[in-house]
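Chain by chain, the residues run as shown.
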Amino acid sequence: MLWYCKFKWHAHTTVEALRRRILEQDSAGTNQPDRIRGWYDLAGGGAGFMLIETDDPRELTDMLQPYMDLLSWDVHAVAEQPSYEAIVESFRQKAGS
C-alpha cells in the first residue's frame, strides 16, 4: 500500500535539528529508505511530502514517530489509478448504463 505523508515543520524546528535527526535515524536503521518511493520538498522549505510503501500501518507509524517533535504529519492511503484512457473508458461504460 502506498501512503501520502504530508509534513510541515513545527515553528521551533531548525534545518540543523532536522538534518541531525535524519542522520541519527539513518544510523539507527529506522528510516527504511527502501520503503520511500518519493521525497519532495515544497519551494521555500518548511513543508513537503513523502510517498512511503508498506502494507503495515504500524510500520509506517514507526517510521514517522521519531520526527513528530519536529514535524507535523498528515497521512493518507492512496490508490494508483489505471491509465487515463482506462479511466475515461470506464466512465463511458458507466454513462452508457
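Predicted model only: the values in this text are computed from it and were never measured.

**Some remarks on the environment of Y40**
Along the chain, Y40 falls in strand β2 (residues 36-41). The class for Y40 is partly exposed, based on a relative accessible area of 39%. With eleven residues separating them along the chain, Y40 and L51 place their C-alpha atoms 8.7 Å apart. Filtering out sequence-adjacent residues up to four positions away, Y40 remains in contact with F7, G48, F49 and L51.

**Quick notes on unusual backbone geometry**
Apart from glycine, the bulk of residues carry a negative phi angle, and the bulk of peptide bonds sit in the trans form. Backbone geometry places Q32, a non-glycine residue, at a positive phi of 50°. Its place among the elements puts Q32 in the loop between α1 (15-28) and β2.

**A closer look at the sheet that holds strand β3 (residues 47-53)**
Sheet architecture is open: four strands sit in the order β2-β3-β1-β4, paired in antiparallel fashion. Strands at the two margins of the open sheet, each flanked by one partner only, are β2 and β4 (71-78). Within the sheet, the average angular offset between the axes of one strand and its neighbour, ignoring direction, is 15°. Taken together, the eight bridges between strand β1 (residues 2-9) and β4 define a ladder with antiparallel strand orientation. Residue pairing in the sheet places C5 in a bridge with V75 of β4. Against the sheet, helix α2 (residues 57-64) contacts β1, β2, β3 and β4, and its axis sits at roughly 25° relative to β1.

Criteria and thresholds
Residues numbered from 1 in each chain as written. Predicted model: local features only at pLDDT ≥ 70, side-chain atom pairs only at ≥ 80, totals over all residues. Heavy atoms only, no water. Helix = DSSP H or I, 4+ residues; strand = E, 2+ residues; numbered from the N terminus. Buried < 20%, exposed > 50% of the residue type's maximum accessible area, 1.4 Å probe, protein only. Contact = heavy atoms within 4.5 Å. Pairing = 2+ DSSP bridges. Axes fitted to C-alpha atoms, helices over the stretch in contact; angles between N-to-C directions.

These figures come from the coordinates and say nothing about function on their own.
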